[in-house]
Amino acid sequence: MEHSTEIILTIAGIVLVHGLIFYFLTRKSRLIKGKHVVVTGGSSGIGLWAAIECVRLGAHVTIIARNVSLLEKAKEELEKRRVRDTQMIQFRSLDLAKSYGAVTSTLDELERTVGAIYMLINCAGMAICGTVEDTSVEDARKLMDVNYFATYYPTRHVLPKMKEAGDGIIVITASQAALMGIYGYGAYAASKFALRGLAETIAMEARHRGVSVTLALPADTDTPGFENENRTKPEETKIISGSGGLAKPEDVGKRLVQDALKGSFFSIMGLESWVLSILCVGMAPWRGPLLCFVQFYLLGPLRLIGLALQWNFQRIIKNCAKQRQRT
């Protein structure tokens, strides 16, 4: 009897593993060839490389940012990557955080001239570092405007139209700071946590209407924005966040698009990001049986690693405080 039970369990295990592998390998990506993709923050960094990937896949691409000279250079770069002569590549200069009316007017005009927006990639954002008490109220409000409302406004505009069409993709670019609070990232993390809440809500509200949302969680990435961010970083923040290395924007942009086309909720790169996404998964949407199986078995052990990391962060903070007292 015991021998028969072992055989049945072994066969069931083999079937389950092969079924999970089959599911994982046969997940199909949606196609964006000939469809309209809008990328905010598309003049440089992750946004530009996400736009380049969309152009490579044959989409009509519109990039939106404020700086006209950067937009013109980015458009030239995108035009070099065309795969079809009929691809439309254009840009719009717009302060996305200024008003919902301005965003709506611009996107309406784009839809009339290019076509319905099938995919919206939100990459507009900025970082200002500092402890909570050292960050001015004005800077905290600016971070919420640029990081949250500059994403909320265009997303709010396209969401009902995508629901009506029964198809569409929304990408919300947050940060690893959307998963955990980090020394020196108080106001910044608050704006990124808000984006995670927005993404999870949209996933629940719109999935049954054919709209998918992907929350991108890039680690430190070698972009012009990262250079500005480093100017305001406390020493503790540099040490804590610097342990994960520096990603290339071209890698992050490409991965972001590919994950979105597969319908993944989280878009991550690297072991550190993968571990952090499992530790902080919470009530995040379903992403397939394979990942859920991994999360179930790894959450406990990874929690111990997380506690060790928190202890190390506290050690870094105390050491920096002692160093300042000596000087």
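Residues numbered from 1 in each chain as written. Predicted model: local features only at pLDDT ≥ 70, side-chain atom pairs only at ≥ 80, totals over all residues. Heavy atoms only, no water.

Going by what an unreviewed UniProt entry lists, the chain is known as 3-dehydrosphinganine reductase and is assigned to Anopheles arabiensis. The UniProt entry for the chain carries this comment under Subcellular location (unreviewed entry): "Endoplasmic reticulum". Quoted verbatim from the Catalytic activity (unreviewed entry) heading of the UniProt record, the comment on the chain is "sphinganine + NADP(+) = 3-oxosphinganine + NADPH + H(+)". (UniProt positions renumbered as here; feature names shortened; annotations may be inferred.)

Undergrad: Account for a nonpolar patch on the surface, naming residues and giving values.
TA: Together, Phe293, Phe296 and Tyr297 line one region of the surface with nonpolar side chains, adding up to about 380 Å² of accessible area. In this fold, Phe293 is placed in helix α11 (residues 289-326). (Patch = residues over 30% accessible without salt bridge, like charges linked within 9 Å, V, L, I, M, F, W, Y side chains within 5 Å. Areas by Shrake-Rupley, 256 points an atom, 1.4 Å probe, with all protein chains shown as cover. Salt bridge = Lys/Arg side-chain N within 4 Å of Asp/Glu carboxyl O. Helix = DSSP H or I, 4+ residues; strand = E, 2+ residues; numbered from the N terminus.)

Undergrad: Could you give an account of helix α10 (residues 271-279), naming the residues involved and the relevant values?
TA: Where α10 is concerned, the buried positions are Ser273, Val275, Leu276, Ser277 and Ile278. Summarising the contacts, the buried residues of α10 are in contact with β7 (266-267) and α11. (Buried < 20%, exposed > 50% of the residue type's maximum accessible area, 1.4 Å probe, protein only. Contact = heavy atoms within 4.5 Å.)

Undergrad: Explain the confidence of the model for the chain residue by residue, including any values.
TA: Interpreting fine coordinate detail is not advised for predicted regions of low pLDDT. With 91% of its residues at a pLDDT of 70 or more, the chain shows a mean pLDDT of 89. Segment residues 17-26: pLDDT under 50, and five contacts once partners within four positions in sequence are set aside and those in other chains are kept. (pLDDT = per-residue confidence, 0-100.)

Undergrad: Would you mind going over the packing of helix α2 (residues 45-56) against helix α9 (residues 249-262) in detail, with residue names and values included?
TA: Two elements in contact, α2 and α9, have axes separated by 7 Å at closest approach and are oriented at 55°. Between α2 and α9, the interaxial angle falls into the category oblique. As α2 runs across α9, the sense of the crossing is right-handed. The residues of α9 that touch α2, namely those facing Gly45, Ile46, Trp49, Ala50, Glu53, Cys54 and Arg56, are Pro249, Glu250, Val252, Gly253, Lys254, Leu256, Val257 and Gln258. Grouping the constituent residues of the contact of α2 with α9 by class yields eight nonpolar, three polar and four charged. (Axes fitted to C-alpha atoms, helices over the stretch in contact; angles between N-to-C directions. Parallel < 35°, antiparallel > 145°, perpendicular 65-115°, else oblique. Left-handed = near helix turned anticlockwise from the far one by under 90°. Nonpolar A, V, L, I, M, F, W, Y, C, P; charged D, E, K, R; others polar.)

Undergrad: Mind laying out the pairing of strand β1 (residues 36-40), listing which residues take part and the relevant values?
TA: β1 sits mainly inside the fold: five of its five residues count as buried. Residues of β1 alternate between two faces, with His36, Val38 and Thr40 on one and Val37 and Val39 on the opposite face, all of them buried. In the sheet, β1 pairs with strand β2 (residues 60-65) via five bridges, with the strands oriented parallel. Bridging from a neighbouring strand, Val38 pairs with Thr62 of β2. In this region the chain leaves β1, passes through α2 and returns to the parallel neighbour β2; the handedness of that crossover is right-handed. (Pairing = 2+ DSSP bridges. Right-handed = clockwise from strand over helix to strand, strands pointing away.)

Undergrad: Tell me about the sheet that holds strand β3 (residues 89-93), residues and numbers included.
TA: In spatial order, the strands read β3-β2-β1-β4-β5-β6-β7; together these seven strands make up an open sheet with parallel pairing. Lying at the two open borders of the sheet, with one neighbouring strand each, are β3 and β7. When β2 meets β3, the two strands line up parallel, connected through five bridges. Opposite Ile64, over in β3, you have Arg92 as the bridge partner. Contacting β1, β2, β3 and β4 (117-122), α2 crosses the sheet at an angle of about 170° to β2. Along the sheet, helix α6 (residues 186-206) makes contact with β5 (168-173), β6 (211-216) and β7, crossing β6 at roughly 160°.

Undergrad: Give me the lowdown on the side chain of Lys233, citing residues and values where you can.
TA: Positionally, Lys233 belongs in the loop between α7 (224-230) and α8 (235-242). What makes Lys233 buried here is its relative accessible area of 8%. At 3.3 Å, the side chain of Lys233 and the side chain of Asn230 are in polar contact. When residues no more than four places from it in sequence are discounted, the contact partners of Lys233 are Cys129, Tyr185, Asp220, Phe226, Lys238 and Ser241. (Polar contact = N/O pair within 3.5 Å; in protein donor to acceptor, adjacent residues only side chain to side chain.)

Undergrad: Give a description of the environment of Glu272 that names residues and reports values.
TA: Locating Glu272 in the fold gives a position in helix α10. According to the relative accessible area criterion, Glu272 is partly exposed, its value standing at 37%.

Undergrad: Which residues make up α8, and what values go with them?
TA: Because an α-helix completes one turn every 3.6 residues, residues spaced three or four positions apart along the sequence face the same direction. Within α8, the full set of buried residues consists of Glu236, Thr237, Ile240 and Ser241. Burial along α8 is one-sided: seen end-on, the buried residues are contained in an arc of 110°. Those residues of α8 that are buried lie in contact with α11. (Arc of directions from axis to C-beta.)

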